[in-house]
Amino acid sequence: MEREKSPPPAAQPGDNDLAVCPGSVTCLRENWQKWSEEHREYQKHNPFSHEAGPVTTPAGPQRGRWDGYGRPPEGSRTERRGLDAHRHVGREVEELREVIKGIGRQEGVADGDIGAKVFTVEFGQLFKHYVNISNKVVGVLLRARKQGLVHFEGEMLWQGRDDHIVITLLR
């Protein structure tokens, strides 16, 4: 004897699943209303939306008052990529320091730093040598200057035009 299978339970009017009541106008209206309310709530927190106000943004009305302002959430992949990039740039700056020590001239000792040697090298010589290691020599020099590790005149160094500029390794 073969038993008949019982039919699936009927959809309840309060269900918000589109798959449960695809043909009912009431269900479609309820689903649309629910989506509309969720979207409106989402837009209140979207800084690029016209509905977002200064009170609803997580940073508050003034920039920088929130501890996490401008930082990715802790433990996120974005934070991990940023930390990896920071370490990578740190290694490149350290490698640049070693190259300057290797090809530069020792000019004496740093002011106030006993035993610290000062090395200098012209940008053209450094560029010719370092470009075999990395094509980002100017960017790494700018980063090293921002960290107070090197000094050179001018805002930017250009190959050919600034070959005579002296770069000083400070520490």
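Residues numbered from 1 in each chain as written. Predicted model: local features only at pLDDT ≥ 70, side-chain atom pairs only at ≥ 80, totals over all residues. Heavy atoms only, no water.

K.L.:
Before we move on, can you summarise the pattern of salt bridges with the specific residues and values?
P.N.:
By the definition in use, this model includes six salt bridges. Here Glu38 and Lys34 are joined by a salt bridge, their closest N and O atoms 3.9 Å apart. Of the two residues, Glu38 and Lys34 both sit in helix α1 (residues 25-44), four residues apart, roughly one turn of that helix. Assessed through its relative accessible area of 37%, Lys34 is described here as partly exposed. One salt bridge in this structure joins Lys101 and Glu98, with 4.0 Å as the shortest N-O distance. Of the two residues, Lys101 and Glu98 both sit in helix α2 (residues 77-103), three residues apart, roughly one turn of that helix. On the basis of relative accessible area, Lys101 is assigned to the partly exposed category, the value being 33%. (Salt bridge = Lys/Arg side-chain N within 4 Å of Asp/Glu carboxyl O. Helix = DSSP H or I, 4+ residues; strand = E, 2+ residues; numbered from the N terminus. Buried < 20%, exposed > 50% of the residue type's maximum accessible area, 1.4 Å probe, protein only.)

K.L.:
Could you give me a rundown of the side chain of Arg97, with the residues and numbers involved?
P.N.:
Inspection of the secondary structure assignment puts Arg97 in helix α2. Residues within four places of Arg97 in sequence aside, it is in contact with Leu149, Leu169 and Arg171. (Contact = heavy atoms within 4.5 Å.)

K.L.:
So what's going on with the packing of aromatic side chains? Which residues, and what values?
P.N.:
Per the stated rule, a full pass over the model turns up two aromatic pairs. Plain terms: the ring middles of Phe123 and Phe127 are 5.7 Å apart, the flat faces sit at 55° to each other, and that makes the pair tilted. Residue Phe123 and its partner Phe127 are located together in helix α3 (residues 123-130), separated by four residues, close to a single helical turn. With respect to burial, Phe123 and Phe127 carry one shared label: buried. (Phe/Tyr/Trp six-rings, centres within 6.5 Å; stacked < 30°, edge-to-face > 60°.)

K.L.:
Outline the pairing of strand β4 (residues 166-169), supporting the account with residue identities and numerical values.
P.N.:
Alignment of strand β2 (residues 117-122) against β4, held across four bridges, turns out to be antiparallel. Each residue of the ladder has a partner; that of Glu122, found in β4, is Val166. Where strand β3 (residues 150-151) meets β4, two bridges bridge the pair, whose relative direction is antiparallel. Within β4, the position partnered with His151 by the bridge is Thr168. (Pairing = 2+ DSSP bridges.)

K.L.:
Can you break down the nonpolar core residue by residue, with the values?
P.N.:
Among the nonpolar cores identified, the biggest contains 22 residues, and Leu96, Ile100, Leu126, Leu141, Val150 and Ile167 are the most heavily contacted of them. Counting residues per element, the ones that place at least two in this core are α2, β2, α3, α4 (137-146) and β4. (Core = buried A, V, L, I, M, F, W, Y, C linked by side-chain atoms within 4.5 Å.)

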